[in-house]
Amino acid sequence: MANKAHFIGIAGKGMSAVALLLREAGYGISGSDEGAYPPVSDYLADAGIVFAAGYRKENIPVDAGVIVIGKNARLVPDSNEEVKAAFDSGIPIKSFPDILEELSRGKETLVVAGSYGKSTCAALLAWCLMHAGKDPSYFVGEITKGFSVHARLGGGDVFVLEGDEYPSANWDERSKFLHYNPKSVLLTSATHDHVNVYPTHEDYLKPFRQLIGILPKDGLLIVNDEPHARALASGYASTVEYGLDARNAWHAANIAYGLPTTFDLMHGGKKVAALSTKLLGAHNIENIVGISALLLTKHLLSAEELAAGVATFEGVKRRMELLSPASTIPVLEGFGSSLEKARSAIAGMRLHFPSRRLVVVFEPHTFTWRNRTAIAQYDGAFDGAERVYIYEPATQGSHTHAQLSQDEIVARVRATGIDTTKLNGQDDLKVILGDTKSEDAILLLTSGELGGLIKSLPPAIERAFPLAE
């Protein structure tokens, strides 16, 4: 095959997704990584993509037409012989956003950006379009239930892209979403995140301004009523506002929370559709209103097609996902990579399980949670929880910033008056089970694996507190 692409760091969610897209485009794919786990490893295997375990210069095929290198801190020429060999080879080097830029060119691109809600909104857009038979292309940065793969080249005109503000590559500081040829942007939020890359909020807002700045004159900006997002959108002419309350052009009314939750989708004072969703939390109602505003304003779906898609969407993995269906105690996983995501997950638990004691098992996994300059975020992070367990902070990249210790985090949370326990990675399962009560609801809050508790705690809870026969 004339077209061959080699991926260094292929087992990342974004990298694997782009490898799948190039596989669909007819490329032969090779790659390497130091670790690969389901579902990403399954996706690659199902696509017939075999890759090397570990990084060695010999992994690079001599006839590769392009080498795609991930953003991981270990993928630099100074310390990685395969990356060094790639740069020395003369073969074109690209990031995965570079590849998405090429694949999305000429398409009706719908880019979802913001500090939270990106994965859910992007997946929901793609799902609704697929459910209606529109055959979109899509790239979603997280694993989504109901999707066979998290990236696909469709035959339709629309390309849905989850747009990350994080830098594109170790040699390219531009935000990923600046590569994606945006025709329309759904801006969910712009609260400060990624403090290791963007030390100040003003630093963080700059790439979002650039994104809005490259929208074409006939483009469309759908913006949430989060204050920072709304301020960013003030200079763009074709702006449509959405949120939960009636001050927004698109909003929700008559919300009845439950399993499922139902509400009326409103445009101005007019009811557009009655919607039903399996997703939990007020933030997901907001996400649904946002994608509805985009799809209906662009006339990409009818109200009936939208309602059918929303009702059947099962959600993104790790976003308020119920892990204990066989237990009387609900154990859910929330994606806790930032303060706003943590607060949304806790608010969702309080909304759906108001009479239960809320127990949070938390891992400070991202740089944002581990950076000493941002320790004040812990002062209100767990409001609404009665008990918090705190796992040890991740150590990867700890030398690049002022890393908080586990003891510092525990002390800061205890100072807010919440019962807080440190987990040591040894008897954690026994400690949590010993304190669990029948009236509890448990939220696992992390972007990591909690030392294996993500997998071990839910079945243990199901055994200890089974549903009645």
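Keep in mind it's a predicted model, so treat the numbers as computed, not measured. (Residues numbered from 1 in each chain as written. Predicted model: local features only at pLDDT ≥ 70, side-chain atom pairs only at ≥ 80, totals over all residues. Heavy atoms only, no water.)

A closer look at the overall build of the protein
A tally of helices and strands in the protein yields 14 helices and 23 strands. Scaling as 2.2 N^0.38, a compact globule of 469 residues should have a C-alpha radius of gyration of about 23 Å, and the protein matches this with 22 Å. Considering only C-alpha atoms, the protein reaches an extent of 60 × 55 × 50 Å along its principal axes. Each of the 469 residues in the protein was classed as buried or not, and the buried ones make up 57%. Intrachain contacts of the protein at a sequence separation of at least 6 include 66% that bridge at least 24 residues. When the accessible surface of the protein is totalled, it reaches about 18600 Å², and 52% of it is carbon and sulfur. Side-chain charges of the protein comprise 45 positive and 55 negative groups, with the mean position of each set lying 1 Å from the other. (Helix = DSSP H or I, 4+ residues; strand = E, 2+ residues; numbered from the N terminus. Rg over C-alpha atoms; globule rule 2.2 N^0.38 Å. Buried < 20%, exposed > 50% of the residue type's maximum accessible area, 1.4 Å probe, protein only. Contact = heavy atoms within 4.5 Å. Areas by Shrake-Rupley, 256 points an atom, 1.4 Å probe, with all protein chains shown as cover. Lys, Arg positive; Asp, Glu negative; His and termini not counted. Charge placed at Lys NZ, Arg CZ, Asp CG, Glu CD.)

So, helix α3 (residues 81-89)
Here α3 has its buried residues at E82, V83 and A86. Across the axial projection of α3, the buried residues extend over an arc of 100 degrees, all falling on one side. Tucked into the core, α3 has its buried residues touching β1 (4-8), β2 (28-33), β4 (66-69) and β5 (93-94). Sitting at the head of α3, N80 places a side-chain oxygen 3.0 Å from the backbone nitrogen of E82. Positioned one or two residues after α3, G90 has a phi angle of 85 degrees, which is positive. (Arc of directions from axis to C-beta. Polar contact = N/O pair within 3.5 Å; in protein donor to acceptor, adjacent residues only side chain to side chain.)

Describing the packing of helix α13 (residues 428-435) against helix α14 (residues 453-464)
The N-to-C vectors of α13 and α14 enclose an angle of 35 degrees; their axes lie 11 Å apart at closest approach. Every pair of crossing elements has a handedness; the one defined by α13 and α14 is right-handed. Listed contacts from α14 to D428, L429, I432 and L433 of α13 are L453, S456, L457, A460, I461 and A464. For the contact of α13 with α14, the residue count by class is eight nonpolar, one polar and one charged. (Axes fitted to C-alpha atoms, helices over the stretch in contact; angles between N-to-C directions. Left-handed = near helix turned anticlockwise from the far one by under 90°. Nonpolar A, V, L, I, M, F, W, Y, C, P; charged D, E, K, R; others polar.)

What to know about the side chain of E226
Take E226: it is sitting in the loop between β13 (220-224) and α7 (227-233). Buried and unpaired, E226 has no salt bridge, with R230 as the nearest side chain of opposite charge at 8.7 Å. Each residue touching E226, except ones within four places of it in the same chain, is listed here: Y116, T188, S189, A190 and T191. (Salt bridge = Lys/Arg side-chain N within 4 Å of Asp/Glu carboxyl O.)

As for the pattern of salt bridges
All told, the structure shown has 25 salt bridges when counted by the stated rule. The residue D172 makes a salt bridge to R174 at a minimum N-O spacing of 3.1 Å. When the shortest N-O distance is used, the salt bridge between R247 and D225 registers 3.4 Å. In this pair, R247 is assigned in the loop between β14 (239-242) and β15 (250-256) and D225 in the loop between β13 and α7, connecting sequence segments 22 residues apart. In this structure R247 comes out as exposed when scored by relative accessible area, which is 62%. Residue D225 is classed as buried on the basis of its relative accessible area of 14%. Among the charged side chains, a salt-bridge network with shared partners connects R357, R387, D419, D435, K437 and D440.

Describing the environment of R105
Checked against the element boundaries, R105 lands in the loop between α4 (96-104) and β6 (108-113). Note on R105: relative accessible area 53%, which makes it exposed. Sequence separation between R105 and Q377 is 272 residues, and the spatial gap between their C-alpha atoms is 40 Å.

Let's talk about the sheet that holds strand β3 (residues 52-53)
Across the sheet, five strands lie side by side as β3-β2-β1-β4-β5; this open sheet has parallel pairing. The sheet is open, and its two edges are formed by β3 and β5, each paired on a single side. As judged from the five bridges shared by β1 and β2, these two strands associate in the parallel manner. In the strand pairing of β2, K4 is matched with G28. Docked against the sheet, helix α1 (residues 13-24) engages β1, β2 and β4, running at close to 175 degrees with respect to β1. (Pairing = 2+ DSSP bridges.)

Considering the side chain of S16
Topologically, S16 is positioned in helix α1. Its relative accessible area of 0% is what places S16 among the buried residues. S16 has contacts with I10, V40, L44 and H150, leaving out every residue within four places of it along the chain.

A few points about the pairing of β14
Here β14 shows a buried face lined by V240 and Y242 and an unburied face lined by T239 and E241. Pairing between β13 and β14: four bridges, direction parallel. In the strand pairing of β14, L221 is matched with T239.

Description of the pairing of β6
The buried fraction of β6 amounts to five of the six residues, a majority that puts the element mostly inside the structure. In terms of strand pairing, β6 meets strand β9 (residues 158-162) through five bridges, oriented parallel. Directly across from T109, in β9, lies its bridge partner F159. Alignment of β6 against strand β12 (residues 184-187), held across four bridges, turns out to be parallel. Considered in β12, the bridge of L110 is made with S184.

Some remarks on the packing of α1 against α4
Two quantities define a packed helix pair, namely the angle between the helix axes and the distance between the axes. One way to put it is that α1 packs onto α4 with a least axis distance of 10 Å and a crossing angle of 35 degrees. The crossing of α1 and α4 is left-handed. When α1 is examined against α4, the residues G14, M15, V18, L21 and L22 are found in contact with a partner set consisting of F96, I99, L100 and L103. Within the contact of α1 with α4, the residues separate by chemical class into eight nonpolar, one polar and no charged.

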